[in-house]
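So you can see what is in the structure, the chains are spelled out below.
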2 protein chains.
Amino acid sequence: MSSQAKFKKDKEIIAEYETQVKEIRTQLVEQFKCLEQQSESRLQLLQDLQEFFRRKAEIELEYSRNLEKLAERFSSKIRSSREHHQFKKDQHLLSPVNCWYLVLTQTRRESRDHATLNDIFMNNVIVRLSQISEDVIRLFKKSKEIGLQMHEELLKVTNELYTVMKTYHMYHAESISAESKLKEAEKQEEKQFNKAGDISVNLLRHEDRPQRRSSVKKIEKMKEKRQAKYSENKLKCTKARNDYLLNLAATNAAVSKYYIHDVSDLIDCCDLGFHASLARTFRTYLSAEYNLETSRHEGLDIIENAVDNLDARSDKHTVMDMCNQVFCPPLKFDYQPHMGDEVCQVSAQQPVQTELLMRYHQLQSRLATLKIENEEVRKTLDATMQTLQDMLTVEDFDVSDAFQHSRSTESIKSAASETYMSKINIAKRRANQQETEMFYFTKFKEYLNGSNLITKLQAKHDLLKQTLGE
Amino acid sequence: MSSQAKFKKDKEIIAEYETQVKEIRTQLVEQFKCLEQQSESRLQLLQDLQEFFRRKAEIELEYSRNLEKLAERFSSKIRSSREHHQFKKDQHLLSPVNCWYLVLTQTRRESRDHATLNDIFMNNVIVRLSQISEDVIRLFKKSKEIGLQMHEELLKVTNELYTVMKTYHMYHAESISAESKLKEAEKQEEKQFNKAGDISVNLLRHEDRPQRRSSVKKIEKMKEKRQAKYSENKLKCTKARNDYLLNLAATNAAVSKYYIHDVSDLIDCCDLGFHASLARTFRTYLSAEYNLETSRHEGLDIIENAVDNLDARSDKHTVMDMCNQVFCPPLKFDYQPHMGDEVCQVSAQQPVQTELLMRYHQLQSRLATLKIENEEVRKTLDATMQTLQDMLTVEDFDVSDAFQHSRSTESIKSAASETYMSKINIAKRRANQQETEMFYFTKFKEYLNGSNLITKLQAKHDLLKQTLGE
């Protein structure tokens with residue numbers, strides 16, 4: 001009994017083997033489930049992406065149409081205004097109007113680009129995604145087919161192993177049985193032999209005992225037969241064991257190959273091209289978005305260039321050129337001699353000479369004083385203008401802070417609450433600016449009055465100087 | 001009469017002067033009109049810009065909200081899917097899912113950025129534009145005030161010139177009249193003198209003629225009086241002419257200064273800060289748009305990086321790790337000795353030795369043949385895979401052609417009609433791809449069968465080799 005407890009029973013071995021095979025079978029089923037789930041996840045992802053890009057395409061189209069409408073609203077206004085107002089025809093020559101027209105051009109460009117985005121999403125990205133879906137389904141089907149074949153192969157191998165194991169068991173059992181039968185025969189022979197010993201002692205006594213001799217022969221013959229049977233069974237068992245061992249090695253190698261290589265290859269079959277095709281789809285989307293951005297950037301650069309060229313002086317000259325009749329200086333007032341008066345110059349003969357000379361010196365000193373005074377006014381004027389210019393050209397237009405994404409959404413401040421555009425700051429700055437402006441105008445009037453007076457006196461002074469110098 | 005025709009009459013001169021002054025007046029009025037029109041054009045431009053940015057802000061907000069809704073729709077789907085499906089929890093570890101999540105992140109980023117654009121347009125750009133409108137109105141008012149003063153000044157100067165010219169005319173007329181009266185007296189004196197010649201001839205005859213002597217004296221006195229009057233008038237005329245000439249110079253200088261400098265300064269007053277403030281407004285708009293673009297670009301770069309990292313191999317390992325119980329190789333099948341069979345190795349004693357040796361050699365040559373055959377299959381398989389890979393990784397995702405703005409709008413082709421995405425091309429490429437794929441799978445099955453057989457035979461071969469080698 002103790003030796004029997006040491007050895008597994010046939011049934012135990014078979015049961016263990018069947019359990020082990022069943023576990024493998026379960027794993028294979030689970031593997032298919034896993035691949036199926038993976039494919040389903042991919043199909044879901046592809047469907048989500050298609051839905052996403054379909055809706056995004058709609059959003060882009062709506063955005064594009066809105067921008068187009070917006071640009072058209074103002075463009076048609078400009079067209080009709082040009083038709084009805086002659087003077088508006090050359091408005092685009094003015095730098096602010098040029099900027100405005102370029103903003104409209106940019107709006108149309110953005111509109112077209114977002115329409116292109118819609119087109120690419122609808123007719124390229126989505127088409128690709130649906131093709132990838134088809135591919136995933138087709139490849140999963142084909143891979144499953146191959147997988148099933150692999151699984152059949154595995155089960156065939158394990159079944160073979162089961163068969164050779166049973167054969168080994170059978171031959172071994174037969175071998176054991178033949179051995180025990182042989183051993184029994186040997187025991188009988190030994191018993192006979194012991195009897196024969198007694199016989200040989202008594203040989204002389206009982207020379208002839210034919211029945212005893214025939215029984216010895218019979219035993220020997222049986223032993224030989226059993227020996228042959230045992231040898232035959234032992235050979236069969238050895239062959240069966242060898243077969244079992246060789247199949248065991250083959251089965252383990254096949255199972256190991258499946259788990260280490262074939263499952264991986266099977267997944268590769270399912271994956272075939274999925275990542276590459278998806279990457280190309282994403283790259284199409286990226287190419288569209290990057291190109292939209294490049295186009296947008298080009299357009300913005302054109303506007304920026306126009307803004308750099310905003311030029312008050314050049315615009316002033318353009319306006320004065322456009323209305324040149326209004327701004328061209330009139331003819332000089334000519335000296336009109338009265339009734340044939342032949343004198344046409346200031347006369348500096350006596351008796352007016354002394355008086356003119358006095359007047360000349362008075363003018364000279366008056367001018368000197370006035371010029372000094374007006375120069376002071378001009379200096380104040382220039383300084384005030386500089387202050388105004390500093391206010392007017394303050395670089396308060398950088399809104400990059402509003403586009404920081406590293407902060408949490410909550411802490412993104414409204415652009416309006418930024419330093420420069422807070423209501424208090426605006427009010428302060430404007431009050432300050434207008435105060436300076438008021439002061440500038442006061443000083444400007446003062447300067448204008450001074451320079452007007454100087455101009456007139458200077459003209460008289462110069463004429464007198466010329467006259468008196470002669 | 002001929003000399004009279006040569007000189008302009010007073011009235012003519014006055015009329016001409018008045019015409020000239022009237023023309024200047026008309027020009028001044030027209031200049032105001034021009035400035036007013038300029039200001040009105042600017043106000044119209046500013047109003048158009050405000051309307052434009054208000055509407056663009058609305059469009060941006062709508063776009064932003066649509067994008068937000070779009071992202072949220074899929075994000076909430078992902079959240080709920082994560083809660084309900086345990087296995088979905090680690091989906092983001094898979095590279096395609098990672099790309100998809102980043103596309104959603106980018107959508108939210110775009111949504112936020114376009115909302116920021118709305119904010120900046122509404123609370124910064126439009127505020128600036130309305131302030132510039134206020135400035136234009138205020139500055140035009142102030143400039144007009146100064147302009148009116150300039151015009152008054154000009155008219156004052158021309159009035160003065162008119163006055164001194166009239167004075168000159170008057171004194172010159174008086175001078176002429178005094179001169180002619182003097183000349184008349186001189187004629188009478190000469191007549192008297194001629195009579196006196198007769199007198200001297202007849203002196204002896206008529207020594208005493210008292211009434212004749214008194215008339216000579218009378219004439220001389222008159223002549224002296226007229227001489228004095230003439231001199232006085234001539235001086236007055238000279239002074240008046242000098243005044244006229246000096247005022248003429250002053251007036252011409254003042255008019256010239258006005259046209260050459262003051263009008264320009266007046267326009268500068270109207271313009272004060274207009275271009276600078278408008279430039280800052282445009283730069284705010286540009287800063288917003290450029291920053292939007294930078295942010296968009298950063299987001300796209302993150303996606304591109306994720307697309308670069310789309311990796312089938314790594315995903316396969318992730319999936320196998322996630323389901324590691326399903327993919328881990330099972331325990332090896334152990335040799336189960338039957339009923340205490342102590343032999344646990346392949347037995348290569350005679351009589352099986354010869355047979356095993358034969359079997360071994362058979363296996364060896366069978367394996368050699370199989371390996372050569374399967375190697376050929378493998379080569380075909382690899383070449384087919386390469387062809388498939390080339391198809392799957394073709395760089396067909398560049399859509400930059402669709403964003404060319406140099407062409408006219410009409411000639412911009414739909415992205416769908418481009419080489420790669422035309423329906424005929426797609427169909428051809430897909431047919432070609434699927435044919436190659438089918439061939440690949442056929443070859444793969446063949447290879448798999450071959451390698452399975454080789455694995456099993458190799459295991460047996462190796463075991464026999466080991467056994468026979470001992």
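The written sequence of each chain sets the order in which its residues are numbered from 1. As a convention, the first chain written is A and the first ligand written is 1, with the rest following in written order. Per-residue local features are limited, in this predicted model, to residues with pLDDT of at least 70; the limit for side-chain atom pairs, both in listing and counting, is 80 or more; totals at the level of whole chains, interfaces and linings are taken over all residues. Side-chain measures were taken over the full set of non-hydrogen atoms in the model, leaving aside hydrogen atoms and water.

**Structural notes on the side chain of A:H151**
Line of reasoning, step 1. By the element assignment, A:H151 lies in helix α3 (residues 95-201).
Line of reasoning, step 2. Between two residues, a contact is recorded if the distance between any of their heavy atoms is within 4.5 Å. With sequence-adjacent residues up to four places away left out, A:H151 is seen in contact with A:L28, A:Q31, A:F32 and A:Y258. Counting from the N terminus, the helices are the DSSP runs of H or I reaching at least four residues and the strands are the DSSP runs of E reaching at least two.

**Structural notes on the relation of the copies chain A and chain B**
Line of reasoning, step 1. In superposing the copies, a least-squares fit is computed on C-alpha atoms, taking residues whose pLDDT is at least 70 in both. After a rotation of 180° and a shift along the axis of 0.0 Å, chain A superposes on chain B with an RMSD of 0.3 Å. On this basis, the relationship between the two copies can be described by a two-fold rotation axis.
Line of reasoning, step 2. Mapped onto chain B, 100% of the interface residues of chain A are again interface residues, and the two copies thus contact each other with one and the same surface.

**Quick word on the state of the cysteines**
Line of reasoning, step 1. A pair of sulfur atoms, both from cysteines and within 2.5 Å, is called a disulfide here. Overall, the coordinates contain zero disulfides over all chains when judged by the stated rule.
Line of reasoning, step 2. Cysteine A:C99 remains unbridged, with the sulfur of B:C270 as its closest cysteine sulfur at 20 Å.

**What to know about the UniProt feature "coiled-coil region" (unreviewed entry) in chain A**
Line of reasoning, step 1. UniProt positions are given in the numbering used here, feature names are shortened, and annotations may be inferred rather than shown by experiment. As recorded in UniProt, the feature "coiled-coil region" (unreviewed entry) lies at residues 360-387 of chain A.
Line of reasoning, step 2. End-to-end, the C-alpha atoms of residues 360-387 of chain A are 40 Å apart, and along that stretch the chain is 100% helix and 0% strand.

**Points about the interface of chain A and chain B**
Often, the extent of an interface is quoted as the loss of accessible area upon association of its parts.
Line of reasoning, step 1. Every contact between the two is made by 215 residues of chain A and, on the other side, 215 residues of chain B.
Line of reasoning, step 2. Put simply, buried area is the surface a 1.4 Å probe can reach on two separate parts but cannot reach once they are joined, added for both. Broken down residue by residue, the surface that chain A buries against chain B is led by A:F333, A:H338 and A:F403, which jointly contribute 5%.
Line of reasoning, step 3. Here, a salt bridge means any side-chain nitrogen of Lys or Arg that lies within 4 Å of a carboxyl oxygen of Asp or Glu. Counting across the interface, chain A meets chain B through 34 salt bridges.
Line of reasoning, step 4. Across the salt bridge formed by A:R128 and B:D396, the nearest N and O atoms sit 3.2 Å from each other.
Line of reasoning, step 5. Any N or O atom pair separated by 3.5 Å or less is treated as a polar contact, with the protein-specific requirement of one donor-capable and one acceptor-capable atom, and with residues adjacent in sequence counted only for side-chain atom pairs. There are 89 residue pairs in polar contact (both at pLDDT 80 or more) connecting chain A and chain B.

**With respect to helix α8 (residues 352-392) of chain A**
Line of reasoning, step 1. Along its 41 residues, α8(A) runs 56 Å from first to last C-alpha, staying within 8% of the 60 Å computed at 1.5 Å per residue.
Line of reasoning, step 2. Burial status follows relative accessibility: with a 1.4 Å probe on protein chains alone, a residue under 20% of its type maximum counts as buried, one over 50% as exposed, and anything between as partly exposed. Within α8(A) the residues assigned to the buried category are A:V352, A:L356, A:Y360, A:L363, A:L367, A:L370, A:N374, A:V377, A:L381, A:T384, A:L388 and A:L392. Multiplying 1.5 Å by the helix residue count minus one yields the expected span of that helix.

**Quick word on unusual backbone geometry**
Residues and elements named next belong to chain A.
Line of reasoning, step 1. A cis geometry characterises the amide bond from Q350 onward to P351, with omega recorded as 10°.
Line of reasoning, step 2. With phi around 45°, M339 is a residue other than glycine that occupies positive phi space.
Line of reasoning, step 3. Structurally, M339 is set in the loop between α7 (324-327) and α8.
Line of reasoning, step 4. On the accessibility criterion, M339 (33% relative accessible area) is partly exposed.

**A look at the pattern of salt bridges**
Side chains that carry opposite charge are capable of pairing whenever their charged atoms lie near each other.
Residues and elements named next belong to chain B.
Line of reasoning, step 1. A complete count under the given rule lists 66 salt bridges over all chains for this structure.
Line of reasoning, step 2. Between R55 and E58 there is a salt bridge, with its nearest N and O atoms 3.0 Å apart. Placement of both R55 and E58 in helix α2 (residues 10-84) is noted, with a separation of three residues, approximately one turn of the helix.
Line of reasoning, step 3. Judged by its relative accessible area of 23%, R55 is partly exposed.
Line of reasoning, step 4. In this structure, K379 and E376 form a salt bridge, with 3.8 Å as the shortest nitrogen-oxygen distance.

**A word on the side chain of B:R296**
Line of reasoning, step 1. For B:R296, the location among the structural elements is in helix α5 (residues 274-308).
Line of reasoning, step 2. Setting aside residues up to four positions removed in sequence, B:R296 forms contacts with A:H114, A:L117, A:E289, A:L292, A:E293, B:Q106, B:E110, B:D113 and B:H114.

**Some thoughts on the environment of A:D48**
Line of reasoning, step 1. The residue A:D48 is located in helix α2 (residues 10-84) in this model.
Line of reasoning, step 2. When sequence neighbours within four positions are dropped, the list of residues in contact with A:D48 reads B:F74, B:K77 and B:W100.

**Points about the packing of α2(B) against α5(B)**
Residue and element names in this part refer to chain B.
Line of reasoning, step 1. To get an axis, a line is fitted to the C-alpha atoms, and for a helix only the part in contact is used. The angle between two axes follows their N-to-C directions and goes from 0 to 180 degrees. Packing of α2 against α5 leaves a shortest axis separation of 13 Å and a crossing angle of 15°. When the axis of α2 is compared with that of α5, the two are roughly parallel. Judged by the sense of rotation from one axis to the other, the crossing of α2 with α5 is left-handed. Here R42, L46, L49, F53 and K56 of α2 come into contact with α5, specifically with F274, H275, L278, F282, Y285 and E289. In this scheme, roughly parallel covers angles under 35 degrees and roughly antiparallel covers those over 145, while 65 to 115 is roughly perpendicular and the rest are oblique. Note: crossing handedness is left-handed where the near helix turns anticlockwise from the far helix by less than a right angle, and right-handed where it turns clockwise.

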